[in-house]
Structure formats: structure tokens, C-alpha cells
Amino acid sequence: MKRKAEKQMPAAAPVSAFAARKARQQQLQSAVSVEKPAEVEPVREPPSKKPRHTSEEDHVQTRGAAKKKAESVKTKAAQKPVKSQKSREQVPEPEPVEDTSQAPSDEESEQDSAVEEINGDNDVPVGDDENGYESPTEIPVEMQNFPLSKARLNKKSIAYSDEQTLCVRIKEKMNLALIGHYDIWVKRGVVSLMGAKLHPSARIYRVYAPSTHSLPVIKCVTGVDGEAEIEVKSCHSGIYRLRDLSPLYQRIWNGKNTSADKLTFKGGQNSKRTFSVLYTSADDPLNRHLRPLHLEKQWSSAIRSLSQRGGQLRALICGPKASGKSTFSRYLLNHLLSPAPQVEADFSNTDGVAFLDLDPGQPEFSPMGQVYLAHLRSPFFGPPFTHPSLDDSLDGTMVRAHHIGATSPKDDPDHYVLAAMDLMDRYRSLLATYPQCPLIINYPGWIFGLGLEVATWLVKSLGLSDVVYMSEKGPMEVVEPLGQAANEARIPLTTLPSQPTDFVSRSSAQLRSMQIQSYFHMSRPAEVHNPLWLDTPTSRTRPILVDYSGPRQGIRGIMVMGSQINPELLHEVLDGSIVGVVAVESPNAILGQGAGSGVLDGLPAGKKDSDNEMESSESDSSSEEDEDVNMDGPDDAAKDPASALPSMEANIARTPEDLPYLFIGSGTNNPLDPKASHCLGLAIVRSINASSRKLELVTPIPGSKIRGAIEQGHGIVLVRGQLDNPNWAISEDYHAARAAEKRHQQSVAKARKSKDADGQDDAFDSKMQAKVSATLRDRIRRASKVPWMTVIEDNSRRQREAANRERSLWKLRKKAYPGSESETDW
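Numbering of residues begins from 1 in every chain and follows the order in which that chain's sequence is written. Given that the model is predicted, a residue must reach a pLDDT of at least 70 before its local features are reported, and side-chain atom pairs must reach 80 or more before they are shown or counted; all residues, however, enter totals for whole chains, interfaces and linings. For side-chain calculations, the full set of non-hydrogen atoms in the structure is used, while hydrogens and water are omitted.

An unreviewed UniProt entry annotates the protein chain as Polynucleotide 5'-hydroxyl-kinase GRC3 originating from Aspergillus wentii DTO 134E9. UniProt positions are given in the numbering used here, feature names are shortened, and annotations may be inferred rather than shown by experiment. Per its UniProt entry, the protein chain bears the Sequence similarities (unreviewed entry) comment "Belongs to the Clp1 family. NOL9/GRC3 subfamily." The record held by UniProt for the protein chain lists under Subcellular location (unreviewed entry) the comment "Nucleus, Nucleolus".

This is the structure:
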């Protein structure tokens, strides 16, 4: 009777994200109580990667007696709830990232059997793997139903709709959440979206709302007759095609129709939209952990206060890791860039906003390993991998960038500070043209030890107006020095509560892989306002051929950051790696040959105001077609820019392949001076042809930017840093072949179904289909035999350990699609 009563209990009501976060914090605090060890939360199976916590939560967690007590009561307290929950959720072992009980449709239907590749550690190596990858987090068994939208669609609220468009009316103080990617047009009223207030205009904004991040919410601020009217339309940017190249891009957009979508269609027709309306997280047909993008009240008041400074704003955003620095910076940026009507007397964003990103690990508008200064003119709605570069678009331009060559500046803080100072000088030069341009500085989570010294030094030296620290409870050894530095600079220090992500479906390393993969596959045609993504594997992309030796030498030097290597090993170090393409502007571009070292030991205050006469070489926004990019050295000697080359040639050692190895220093290589060099972007060294003395480079850098640097006489240097290996590029052919096989199998099944209905049989078609299938299997076989990658059919722990012993250091693990024919039988 008890079990029957439990089954008849009604389902739990949806809880808000704020209430759920508060409840989890109370459960976390009760876990350290010695008097009540049974209240420790042992009833759930913990995920493989724990949810991110703030620094103050880390103080609450004491991994001592409380953890042992939790483990002691886990067997008794968790046995029955976990068993019943598992039987209801039908979670396989190992537990997947996202429930596959319901197959997706539309965009995701082609990959429903490929979902297993992203589950656990089947496709991407785990965090302890030598490649440094981490698997997606496993969803806890207990699924909470979170409300996403306050507004409920009905016939009165829907103005019109079709297969691509949905026009709805939202009442004041109500909101609507959508998943996918779409274009939004505000027709009446004022709505808020990710910090921006959008007024009625002819402007259409592109919004990306994947499941990897909290979903943006469209809220009606003011309306006509109490309602705002918006039109949401499907967009076809091609970013969903990246699912055929990497499992990290699978199951992140909208699936089949939700209950709200079906209401907007007449006659129950199938949707071809790239977005879906969600009321609660339970409406998601793919059963993912979806959360709304919630904003703390203190955040809202701080954003309003900072925006009132207008063009005088110079704000540094800092704090611990995973505390919400990037989210707060994005909200503040969009709020400053909100297009205000001419009748309003508030601050206008005609001069744009400068964004100084000092986080090389998780940059906002560039791939990893760079610090940069960007001049933005329009709000951005989406995570970083939806805008991995700007490329001098109408929405923003890259003023100047520097290649750090690592995801953390801790290895060379002197070079990092010099780069930050040079970017700040460029901002001062930008003020001459845009005097009312505010500045937002995003500082990384490197705030302990030497990172704290760098942060306090920047607070005293950059001439800021505000410092924002994203944690209310310290640690005090960080807050006190920051407060003291802010007092010396006579600027306020604002402390805000951290807002971490409760559940993450992608680790930081995986998000970096997604961002850099998006960077290499994104294109921006001149006739299209928004970027497009191509699904051509990197190995099949047309490369740039450049001479590294001889009379038409285009690459003047190759640097390897860090310890000095034997020149004979440069070929192995460079081949297949990601390098920074750096333009050298001056003969004294190597640190150590001139001034510029020992920055942290004390930099004169007047030094940061000098050397402002240099103009950024990225200012040209040529719209020419990039058919062939010539990276050869300038033939016109009258330009005299090659005067920088003799100084570099004196420090170049030639390898057996005649590669120009540039090294200056003692033990470690001195980096390039940020005041005499800048980064054009990243490239992949696809191959090195020693016989012809040529390099094959795959890069999304516009040809106009490379030509402009060469015409100005800048020497091109390739810098090999410590970035993650491009494992995603190695496995693209394999995933593309598997996707082609899946599409062919679906087309064959559809053809057979139609033949059975018609009662006809075509032997010729069957032979052609068999031939195509054999060709696709051969393609998969060849794609799985590439170096540095091993395809594993059996994903058991014993098989993985055996494969680890057999494979080389840099090989990846790949698993074939479940249900497909085994490769050993082909």
C-alpha cells in the first residue's frame, strides 16, 4: 500500500532557478553538520564533473569528516531512492550526458544514433587523459523541473506564424524562453535580452541559445497597450552543421516540436524552425538540464550604476574562477550598446564600447591564447563559440591583439603585462576618434599569488574608474589587497555575489575546443551581414602555400615559446600544431634586445603614455574576395620595411629542413615585444614540404589583413605556444564520414519504405545503393586509420586500458556509432 500511495503522489511543481540554488546551498551547509550526518546529500549519484561552486561555497565544503560520514550513510540512505529513480529515468550505465530516450527531429534527427559518442568518455578522452580533454558532465539522476517562461502562448498572443516565423505578443513583466538560433525583430514595445534593451526599429538581431549555456530570456519591459510584439524567425547560419564534425556540437540546439510549437502550427504540420519555445525544462524533448539566464538583483543595480558613467567608464571585472565574470561583462556590454531612441536623453552608444579581454583561456571574441582590444558597436547574443572572431564586421572590429600562446598568463607574466599596457595605449589612441567610448576589462580567474600582484598593479596603473569583484565572501587575502589598491587609485571597489553555473554539459577544455573549431570553420562573406559556418573538414580546406626559405620567403621566422629546443626537432614540434600568425613591425621586436623587461619589478608611470604614435594595422576593412593569398616577401625594396629582417636573421638558426628557427634568450625564448608586433590570428600547420621549402597553412585570417601587413613591410613570424593540440581537426574526417553514412542509411530506409508502399522493386537502385554504401564504409575505414587516432568499438574500461598501452602519446579514442556495422567486419 505504501508503494502504491507513493506512485499516486502528484509530480513536484516547477521551482525557480533562484529557489533551487538556495535549497542546494542549504543542503550543502547541512552537510558539514556533525550532529546531523544523515542530512548530507548522498541520495543522488554524483556526476563525473561536479557542479561549479563559488569560492564562498568552497569554504563551506570541508572534505574531512563530513565527506567520510556521507560515504558511511550512502549505502543505506541512497539504495532505495536511487534504485527507484533509475527505474523511472531508465538511465544506462555509464550514465549519458543527455537522455536519449526520445529521438530528436529536424536538425538533430540525423545524429540520433551518434549521441553515444558524446556520452561519458566514449569519444573525447577524460580529464586525466594525456590530451587534456574532459568528458561532458553526467547529469544527476534527480531531474528538477525549472520554469523557463512566464508567458503562455495562446491564440490571442500569436499574431501570425508559419514554418519559419513566429510573431507573438508578450505582456509587460512577462518573459519567453527559446532554445536554438533565430533572428528577433522588435515591432512594438521594449524588450530586454541579455542585458540589452531593444526598442522598436528596423534592426534584426541574431540570437544563439544552445543548451551548453543558460538560455537567454526575452522579457517585456514596456509595451503598447500593455504588450510588446516581437517576430522570431529561423536563421540558417550553418553552425548546426558542425555537429557532423564534432560530437561536442551534437544535441545542443532545438529538437523536435514542443507543445508550445505545435500550438503555433495549423493542422499539426511539422516544424522546420531552428528554434523552439519552452515553458519549463520538462518540455525539452531531449531531456536536457536547461536553465534560464538568471540575473541577480545586485548585478542589475550594479550594471545600472556603472552605465550611468557613460563615456567615462573604465571598469575592471575580476574574481575567482567560474564566478560569472564573463556573464556580467557580457550583460554590461550589451546594456551599454543598447540602441536608445533619439528622444531619450540617456547616454548614447554612438561611439561604441571598447572591450579589453585579458583572459587568454576563455576569451569572448577571439580564439584561446590571445589578449585583445575590440571596438564593439552592437550587442551580441550568444556564447563565445558563436562569435569566435570579429574580422572587421559592422558589429565590431579587432583593434589589436597579442598572442600569449597559453591559456594562462602565469608562465610569462611580464609579457602578459606588457601586452595589457600596449592594449591600454591603443585604447587611449581610440579615444581621439571616439571620445565617449567606455571601456570594459575582463580579467581572468588568476587572482592568487602572482596573479593578485598583477591585478593590483593593473588597478593602480590603468587609470580605471571602477573595480568589480565577483565574490562577496572573499577570500580576504584577495579582497584586502584589491581594496587597498583601489583606495590608492581613488576608485570604488564594488563587490557582487558570484553566480556560478549549477550544471555544465561541457567542461572548460571542451568549450575551448568548440570555440577554436568554430573559429576555423567560420566565414564572413562580404555580401552577408552575419557569419556563416562551413562543414568542410580541415583536412579538405584549401590551404595557403607559403615559402619559408629562398628568394620569395614569406615566413621570416618560427618561434617556440618556452624552453629552447633542438633545431632538429622543430619539424616535429611544428607539424600539425596551432600557431599564432604575428606581424613584426620593428627591428627591435624581440624582448631583451631593448627596453621592456622586468615589468612587474616596477614600470614607470609615464611609460604607459608613450609610444602612442603607432597605428593599428588591422584598421583596413577591405571587402575584396580572398581567392589567393600571397604571403611572399615584398619585392619592392623601396618600401624599406624589411629593415626589421636583418636584425631577425642574425638570431635565426636553420634546421635540416631549412626552417628558420628564431630563438633569443638563455634557456627560454624571449617573446616578441607587444609594442612592436601584433597577432593577425591563428593557423594550423597542415604539412611541411622540405623539398619545395613550403608550408601548408589552414587559417581563417582574411587575405586582406595578411596583404595589408605585408604591404606595410611587417615580417610574418609563426609562434608555437602551449595551446591544446588540435585533436578536433584530426577526427573531423572520421565524424564527417560517419555522418554521411548515417544520412545514406536514412535515405535508403526511406526509399525502401516508399517502394513497399508502391509495391515496386528496382534492382538497379539496389545495386547503386549497395555501391554507395561500400564507398562510404571504405571512407570510414580510411578516416579511422589516420595517425594519432584510434577507433575503439568496445568502450569498456579494460579495452580502454589496453588501447592506452598500445597507442602513442597523442592518439585519441573514438567509438563507432552504436548499432552500425563493426569496422572489423569490413
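S.K.: Go over the confidence of the model for the protein chain, please, and point to the residues and values.
M.R.: The pLDDT value tells you how sure the predictor is about a given residue, anywhere from 0 up to 100. Taken as a whole, the protein chain shows an average pLDDT of 76; of its residues, 68% reach a score of 70 or greater. Low pLDDT, under 50, characterises residues 1–11; the stretch is placed with 0 contacts to residues that sit more than four places away or in other chains. The low-confidence segment residues 32–141, where pLDDT is below 50, has 239 contacts with residues more than four positions distant or belonging to other chains. Contacts: residue pairs with any heavy atoms within 4.5 Å of one another.

S.K.: Report on the pattern of salt bridges, specifying residues and quantitative values.
M.R.: Salt bridges are defined by distance alone: a side-chain nitrogen of Lys or Arg within 4 Å of a carboxyl oxygen of Asp or Glu. Applying the stated criterion across every chain yields a total of 23 salt bridges. Note that Asp-244 is salt-bridged to Arg-243, the shortest N-O span being 3.9 Å. Throughout this description, buried means an accessible area under 20% of the type-specific maximum (1.4 Å probe, protein chains only), exposed means over 50%, and partly exposed covers the range between. For Arg-243, a relative accessible area of 5% translates into the label buried. A salt bridge links Glu-585 to Arg-400, with the shortest nitrogen-to-oxygen separation between them at 3.3 Å. Linking Glu-585 in the loop between strand S21 (578–584) and helix H13 (644–649) with Arg-400 in strand S13 (residues 396–403), this pair joins segments that are 185 residues apart in sequence. Residue classification places Glu-585 among the partly exposed residues on the basis of a relative accessible area of 22%. Each helix is a run of H or I in the DSSP string that is no shorter than four residues. Each strand is a run of E no shorter than two, and both are numbered from the N terminus.

S.K.: Outline the environment of Leu-464, listing residues and values.
M.R.: With respect to the helices and strands, Leu-464 occurs in the loop between helix H9 (450–461) and strand S15 (466–469). Residue class for Leu-464 comes out buried when judged on its relative accessible area of 9%. Sequence spacing of Leu-464 and Gln-312 is 152 residues, and the spatial spacing of their C-alpha atoms is 9.3 Å.

S.K.: Give a detailed account of the environment of His-521, specifying residues and quantitative values.
M.R.: Checked against the element boundaries, His-521 lands in helix H11 (residues 508–521). Distance from His-521 to Leu-534, taken between C-alpha atoms, is 5.5 Å for residues 13 residues apart in sequence. Not counting residues within four places of it along the chain, the set of residues in contact with His-521 comprises Leu-242, Leu-245, Leu-532, Trp-533, Leu-534, Thr-536, Pro-537, Thr-538, Trp-728 and Glu-732.

S.K.: Could you give an account of the nonpolar core, with specific residues and numbers?
M.R.: One finds Ile-218, Ile-230, Phe-328 and Leu-376 to be the most contacted residues of the largest nonpolar core, which totals 56 residues. Per the annotation, domain bounds derive from an automatic or database assignment of domains. A domain split of this core shows at least three residues from each of domain 1 (158–283) and domain 2 (297–519). With residues near it in sequence (within four places) discarded, Phe-328 still touches Trp-299, Ala-302, Ile-303, Leu-306, Ile-317, Val-468, Met-470 and Leu-496. Here, nonpolar core refers to any group of buried Ala, Val, Leu, Ile, Met, Phe, Trp, Tyr and Cys residues whose side-chain atoms link them within 4.5 Å.

S.K.: Tell me what's going on with the packing of aromatic side chains, and back it up with residues and numbers.
M.R.: Any Phe, Tyr or Trp ring, taking Trp's six-membered ring, that has another such ring centre within 6.5 Å forms a pair; planes under 30 degrees apart are called stacked, those over 60 apart edge-to-face, and the others tilted. Per the counting criterion, the structure on display carries 11 aromatic pairs. Here Tyr-205 and Phe-381 contribute two aromatic rings whose centre-to-centre distance is 5.9 Å and whose plane-to-plane angle is 85°, an arrangement assigned as edge-to-face. In this pair, Tyr-205 sits in strand S6 (residues 205–209) while Phe-381 sits in the loop between strand S12 (370–376) and S13, placing the two residues 176 residues apart along the sequence. Residue class for Phe-381 comes out buried when judged on its relative accessible area of 2%. When the centroid spacing of 6.1 Å and the interplanar angle of 80° are considered together, the rings of Tyr-208 and Trp-533 count as edge-to-face. Of this pair, Tyr-208 sits in strand S6 while Trp-533 sits in strand S18 (residues 532–533), and the two are 325 residues apart along the sequence. By relative accessible area, Trp-533 is classed as buried at 1%. Three or more aromatic residues link up through ring pairs in this structure, and these residues are Phe-355, Phe-365 and Phe-380. By definition, being over a ring means that NZ of Lys or CZ of Arg is both within 6 Å of the ring centre and within 35 degrees of the ring normal. Directly above the aromatic system of Phe-146 lies the positively charged group of Arg-291, at a separation of 3.6 Å from the ring centroid.

S.K.: I'd like to hear about the environment of Glu-568, residue by residue, with values.
M.R.: Position of Glu-568 relative to the elements: it lies in the loop between strand S20 (555–560) and helix H12 (570–574). Taking the C-alpha atoms as reference points, Glu-568 and Leu-659, separated by 91 residues in sequence, lie 9.5 Å from one another.

S.K.: Quick rundown of a positive patch on the surface? Include the residues and the values.
M.R.: Here a patch means residues that are over 30% exposed by relative accessible area and free of salt bridges, tied together within 9 Å if like-charged and within 5 Å if nonpolar (Val, Leu, Ile, Met, Phe, Trp, Tyr). Exposure was quantified through the Shrake-Rupley algorithm and a 1.4 Å probe, taking into account, for residues, occlusion by the shown protein chains and nothing else. Charge counting follows a simple rule: Lys and Arg are positive, Asp and Glu are negative, and His as well as the terminal groups are ignored. For charged residues, the charge sits on one atom: NZ in Lys, CZ in Arg, CG in Asp, CD in Glu. Taken together, Lys-150, Lys-173, Lys-197, Lys-219 and Arg-304 make up a surface patch of like positive charges. Among the structural elements, Lys-219 can be located in strand S7 (residues 217–222). Here Lys-219 falls in the partly exposed class, since its relative accessible area comes to 36%.

S.K.: Which residues make up empty space enclosed by the protein, and what values go with them?
M.R.: Definitions used throughout: a 1 Å grid over protein atoms alone; a cavity as a set of points that fits a 1.4 Å probe which cannot get out; a pocket as an open set with protein on both sides within 12 Å along at least five of seven lines; a lining residue as one with an atom within 4 Å of a point. Grid points are joined across faces, edges and corners, and a volume is the space filled by probe spheres set on the points. The final tally for this structure, using the stated rule, is 8 cavities of 30 Å³ or more. Estimates place the volume of the largest cavity at around 240 Å³. Along its surface, the largest cavity is lined by 18 residues, and Arg-206, Tyr-208, Phe-380, Asp-395 and Asn-530 are the ones closest to its centre. By the convention adopted, Pro, Cys, Tyr, Trp, Phe, Met, Ile, Leu, Val and Ala count as nonpolar, Lys, Arg, Asp and Glu as charged, and the other residues, Gly among them, as polar. Partitioned by chemical class, the residues of the lining of the largest cavity number 8 nonpolar, 6 polar and 4 charged. For the second largest cavity, the calculated volume is near 180 Å³. Forming the boundary of the second largest cavity are 18 residues, of which Ser-389, Asp-391, Tyr-519, Leu-680 and Lys-705 lie nearest the centre. Secondary-structure elements contributing two or more residues to the lining of the second largest cavity are S13 and strand S24 (677–689).

S.K.: Pulling in residues and values, what's your account of the sheet that holds S13?
M.R.: Two strands qualify as a pair provided DSSP detects at least 2 bridges between them. The 7 strands lie next to each other as S13-S12-S11-S14-S10-S15-S16, forming an open sheet whose pairing is mixed. Bordering the open sheet on either side are S13 and strand S16 (493–495), each of which pairs with just one other strand. The sheet shows a mean angle of 15° between the axes of neighbouring strands, direction not considered. The pairing of S12 with S13 spans 7 bridges and is antiparallel. Following the sheet pairing, Gln-370 is matched in S13 by His-403. Throughout, an axis means a line fitted to C-alpha atoms (over the contacting stretch in the case of helices), and angles, computed between N-to-C directions, take values from 0 to 180 degrees. Packed on one face of the sheet, helix H7 (residues 325–336) meets strand S10 (314–318), strand S11 (353–357), S12, strand S14 (439–442) and S15 and runs near 170° to S14.

S.K.: Outline the packing of helix H6 (residues 297–307) against H7, listing residues and values.
M.R.: Closest axis-to-axis distance for the H6/H7 pair is 10 Å, and the angle between their directions is 45°. As summarised for this structure, H6 and H7 are arranged oblique, according to the angle between their axes. Every pair of crossing elements has a handedness; the one defined by H6 and H7 is right-handed. Side by side, H6 and H7 meet where Trp-299, Ala-302, Ile-303, Leu-306 and Ser-307 of the first sit next to Thr-327, Phe-328, Tyr-331, Leu-332, His-335 and Leu-336 of the second. The residue inventory of the contact of H6 with H7, partitioned by class, reads 8 nonpolar, 3 polar and no charged. An angle below 35 degrees is treated as roughly parallel, one above 145 as roughly antiparallel, one from 65 to 115 as roughly perpendicular, and anything else as oblique. Two helices crossing with the near one rotated counterclockwise from the far one by less than a right angle form a left-handed crossing, whereas a clockwise rotation gives a right-handed crossing.

S.K.: Can you tell me about unusual backbone geometry, naming the residues and giving the values?
M.R.: Of note, Ala-322 is a non-glycine position whose phi angle comes to about 55°, a positive value. Along the chain, the position of Ala-322 falls in the loop between S10 and H7. Residue Ala-322 is classed as partly exposed on the basis of its relative accessible area, which comes to 28%. Despite not being glycine, Asp-658 has its phi angle at roughly 70°, a positive value.

S.K.: Talk me through the packing of helix H8 (residues 413–431) against H9; I want residue IDs and the actual numbers.
M.R.: Between H8 and H9, the least distance of the axes is 11 Å, while the angle of their chain directions is 25°. The pairing of H8 with H9 is recorded here as roughly parallel in orientation. Helix-helix and strand crossings are classified by hand; for H8 and H9 the assignment is right-handed. Mapping the contact onto sequence places Pro-413, Tyr-416, Val-417, Ala-420, Met-421 and Arg-428 in H8 and Leu-450, Val-454, Trp-457, Leu-458 and Ser-461 in H9. The class makeup of the residues in the contact of H8 with H9 is 9 nonpolar, 1 polar and 1 charged.

S.K.: Any chance you could break down the pairing of strand S25 (residues 694–698) for me, citing the residues and the numbers?
M.R.: By the bridge criterion, 4 bridges tie strand S19 (residues 544–547) to S25 in an arrangement that is antiparallel. Looking at the pairing, Ile-544 lines up with Leu-697 of S25. In this structure, S24 lies alongside S25, joined through 5 bridges in antiparallel fashion. Note on S25: the bridge partner recorded for Asn-689 is Lys-694. Turn length for the S24-S25 hairpin, with the two strands adjacent in sequence and antiparallel, is 4 residues, and the turn residue Arg-693 shows positive phi of about 60°.

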